[in-house]
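Close look at the chain arrangement
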Amino acid sequence: MVTNDSERPVEPLVGQSAEGALGTASQDVVWNHDHVLDLDDFLYEEIESVISLAGKMREVLDRRIARAPILRGFTVINLFFEPSTRTRASFELAGKVLGADVISVSANTSSVVKGESLIDTVKTLSAMTADVIVMRHEMSGAPYLASRHTRASVINAGDGSHAHPTQALLDIYTLKQRLGDLKDKKIVMVGDISHSRVARSGMWGFSAMGANVVLCGPPTLLPSGFAVSDRPEHARTALPDVDIETDIDVAIKDADVVMALRLQKERQQGGLLPSLHEYSRLYQVTAERLSKAKNNHILMHPGPKNEGIEIGGDVASGSNSTIEEQVTNGVAVRMALLYLIAQRNQRGN
Ligand code: NCD
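Given the structure is predicted, the values throughout are model-derived calculations rather than measurements. Each chain carries its own residue numbering, running from 1 in the written order of its sequence. Per-residue local features of the predicted model are confined to residues with pLDDT of at least 70, and side-chain atom pairs are confined, for both listing and counting, to 80 or more; whole-chain, interface and lining totals are unaffected and use all residues. Only hydrogens and water are removed before side-chain values are computed, so all heavy atoms of the structure are retained for them.

**Brief notes about the overall build of the protein**
Applied cut-off: Secondary structure follows DSSP: runs of H or I at least 4 residues long count as helices, runs of E at least 2 residues long count as strands, and numbering of each begins at the N terminus. Exposed residues in this analysis have more than 50% of their type's maximum accessible area, buried residues have under 20%, and partly exposed residues fall in between, with area computed by a 1.4 Å probe over protein chains only. When checking whether two residues touch, look at their non-hydrogen atoms; a contact exists if any pair is within 4.5 Å. The protein chains shown are the only cover counted for residues, whose accessible areas, like all others here, come from Shrake-Rupley with a 1.4 Å probe.
Counting its secondary structure elements, the protein contains twelve helices and nine strands. Looking at the protein as a whole, 54% of its 349 residues qualify as buried. If you take every contact in the protein between residues at least 6 apart in sequence, the share linking residues at least 24 apart comes to 76%. Here the protein displays about 14,900 Å² of accessible surface, and carbon together with sulfur accounts for 49% of that area.

**Re the site of the ligand**
Operational definition: The cutoff for a nearby residue is simple: one of its non-hydrogen atoms must lie within 4 Å of the molecule or strand. Side-chain atoms alone can form a polar contact between residues adjacent in sequence; in general such a contact is a pair of N or O atoms within 3.5 Å, and within protein one must be able to donate a hydrogen while the other accepts it. A 1.4 Å probe that fits but cannot get out identifies a cavity on a 1 Å grid over protein atoms alone, an open set with protein on both sides within 12 Å along at least five of seven lines counts as a pocket, and a residue lines either if it has an atom within 4 Å of a point. Being in a pocket or cavity means that more than half of the molecule's atoms lie within 2 Å of its grid points. Here the nonpolar group is Ala, Val, Leu, Ile, Met, Phe, Trp, Tyr, Cys and Pro; Asp, Glu, Lys and Arg are the charged ones; every other residue, Gly included, is treated as polar. Domain delimitation follows an automatic or database domain assignment.
Surrounding the ligand, one finds Arg86, Thr87, Arg136, His164, Gln167, Arg197, Val198, Arg262, Gln264, Pro302, Gly303 and Pro304. At 3.3 Å, a side-chain N or O of glutamine 167 approaches a nitrogen atom of the ligand. In this structure, glycine 303 approaches the ligand through a main-chain N or O atom, which is 2.9 Å from a nitrogen atom. Burial of the ligand by the surrounding chains reaches 94%, relative to a free accessible area of 310 Å². Applying the majority rule of atoms within 2 Å of the grid points places the ligand in the largest pocket. Looking at the shell around the ligand, the elements that each hand over two or more residues are α3 (86-97) and α7 (197-208). Partitioning the shell around the ligand into residue classes produces three nonpolar, five polar and four charged. Inspection of the shell around the ligand shows a minimum of three residues originating in each of domain 1 (16-163 + 329-346) and domain 2 (165-326).

**Topic: the environment of arginine 151**
Within the secondary structure, arginine 151 is located in the loop between α5 (142-147) and β4 (153-159). In the structure, arginine 151 is positioned 24 residues away from alanine 127 in sequence and 8.8 Å away in space, judged by C-alpha atoms.

**Focus on helix α6 (residues 165-179)**
Count 3.6 residues to each turn of an α-helix, and residues three or four apart come out pointing the same way. Rule in force here: Every helix has an expected span of 1.5 Å times one less than the residues it contains.
Taking 1.5 Å as the rise per residue, α6 with 15 residues should run 21 Å; its terminal C-alpha atoms sit 21 Å apart, in good agreement. Burial within α6 is extensive, with twelve of its 15 residues counted as buried. For α6, the full list of buried residues reads Pro165, Thr166, Gln167, Ala168, Leu169, Leu170, Asp171, Ile172, Tyr173, Thr174, Leu175 and Lys176. At the exit of α6 stands glycine 180, carrying a positive phi of roughly 85 degrees.

**Remarks on the side chain of arginine 289**
Its place among the elements puts arginine 289 in helix α10 (residues 287-290). Here the side chain of arginine 289 touches arginine 281 through a polar contact of 3.0 Å, landing on its backbone oxygen. Setting aside anything within four residues of it in sequence, one finds arginine 289 in contact with Ile248, Asp249, Ile252, Ser280, Arg281, Leu282, Tyr283 and Gln284.

**Observations regarding empty space enclosed by the protein**
One way to see where empty space is left: roll a probe the size of a water molecule over the atoms. Inclusion rule: Grid points are joined across faces, edges and corners, and a volume is the space filled by probe spheres set on the points.
With the rule as written, the count across this model stands at one cavity of 30 Å³ or more. By volume, the largest cavity amounts to about 90 Å³. Every residue along the wall of the largest cavity is listed here: Arg86, Thr87, Ser90, Gln167, Leu170, His301, Pro302, Gly303, Ile323, Gln326, Val327 and Arg334. Contributions of two or more residues to the lining of the largest cavity are made by α3, α6 and α12 (323-346). When residues in the lining of the largest cavity are grouped by element, the largest group, four residues, is from α12.

**Some words on the pairing of strand β8 (residues 257-260)**
What counts, and what does not: In this scheme, strands are said to pair when DSSP sees at least two bridges between them.
Neither face of β8 is exposed, since Val257 and Met259 on one face and Val258 and Ala260 on the opposite face are all buried. As paired strands, β8 and strand β9 (residues 298-300) are joined by three bridges and run parallel to one another. Paired with valine 258 across the two strands is leucine 299, which belongs to β9.

**Side note on the nonpolar core**
To be explicit about the condition: Put simply, a nonpolar core is a bunch of buried Ala, Val, Leu, Ile, Met, Phe, Trp, Tyr and Cys residues held in one set by side-chain atoms that sit within 4.5 Å of each other.
Met57, Leu71, Met189, Phe206, Leu215 and Met335 are the most contacted members of the largest nonpolar core, which has 66 residues in total. Per-element accounting of this core gives the leading share, eleven residues, to α12. Domain assignment of the residues forming this core places at least three in each of domain 1 (16-163 + 329-346) and domain 2 (165-326). Among residues more than four places away in sequence, those in contact with methionine 57 are Leu22, Leu98, Ala332, Met335, Ala336 and Tyr339. Within the second largest apolar cluster, 23 residues are counted, among which are Cys216, Tyr283, Ile311 and Ala316.

**Examining the pairing of strand β1 (residues 75-80)**
Just so we agree on the cut-off: Consider the strands pointing away from the viewer: the crossover is right-handed when the path from the first strand over the helix to the second runs clockwise.
Among the six residues in β1, six count as buried, and that is most of the element. When β1 meets strand β2 (residues 101-106), the two strands line up parallel, connected through six bridges. For asparagine 78, the partnering residue across the bridge sits in β2 and is serine 104. Regarding topology, α3 serves as the crossover connection from β1 to the parallel β2, and that connection is right-handed. Two strands pair when backbone bridges link them, and β1 and strand β3 (residues 132-137) are joined in this way by five bridges, in the parallel orientation. Counterpart to phenylalanine 80 in the pairing with β3 is arginine 136.

Here you go:
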């Protein structure tokens, strides 16, 4: 339930019991964001702060009764204009574990179907004293527009083919749990890079952590401008340095991490692939291909996965796969982000 101002606690509990609830002090935290729109403007220290706090949140999740109600009086509204299972449930759970009020609004049952604009919808929700609006939208840039029309903090839960910063953060957290450090690690993302917001935010985040990122896919599904040699002079510093490789066997060789990505058919124009069969023959992440990666490589997938197309079913559930860990860690990372935003709002920044 959303509470109106008179029902809200005068002094939200944010921060008060956090040290007790999380067993942590937050004095070393570096965090300068009102909104989480993408990772392109995140400092290394900010990513580290999210990851270290996510570790504390993960301890809360692993308790028998996973509750640390440090965000009582805080309202989170999930506003999803595109289908979602894990991201939406993950934000709901993250808010609830921390004691926030969480509401989910689906575009197909909201006034959007009556023609209300995105800006009006966002203004209406922020008039209900929403502290955070978590937004997924099929248009790239929609959360940026929303953030200019609300007092609430906006968290981008995926905008078109553009960005998915919370997915990149949970992937970084999962990798740091396994590898300790991402510096100089070879991370290969395979699949529909052009239409993947996961790839785009991932390349910012992984690069910021010092990893070497390789993007691999058929030429029709690789964005132009990412290879340093393709870039116009003015873009040299505006994009992270990544390598581009169309041959999956070359890309995967000696990889520390391989991330398979779904074909984003809902965003493709058509005519990009001869056939699904051809795609999976040439680009499916299989056991045979993974044998060229490092022995203790990590296999990731953001989900939802199409086994037999971009990833083999055997490797998806094999011992190198972190697919389920990514889902659990997603809740911890989103808890950390809600907490960081709540603390900043309370300090009145
Ligand atoms: C991704 C997304 O929505 O961008 N899913 C997710 O959030 N875990 C990836 C995808 O849809 O393929």
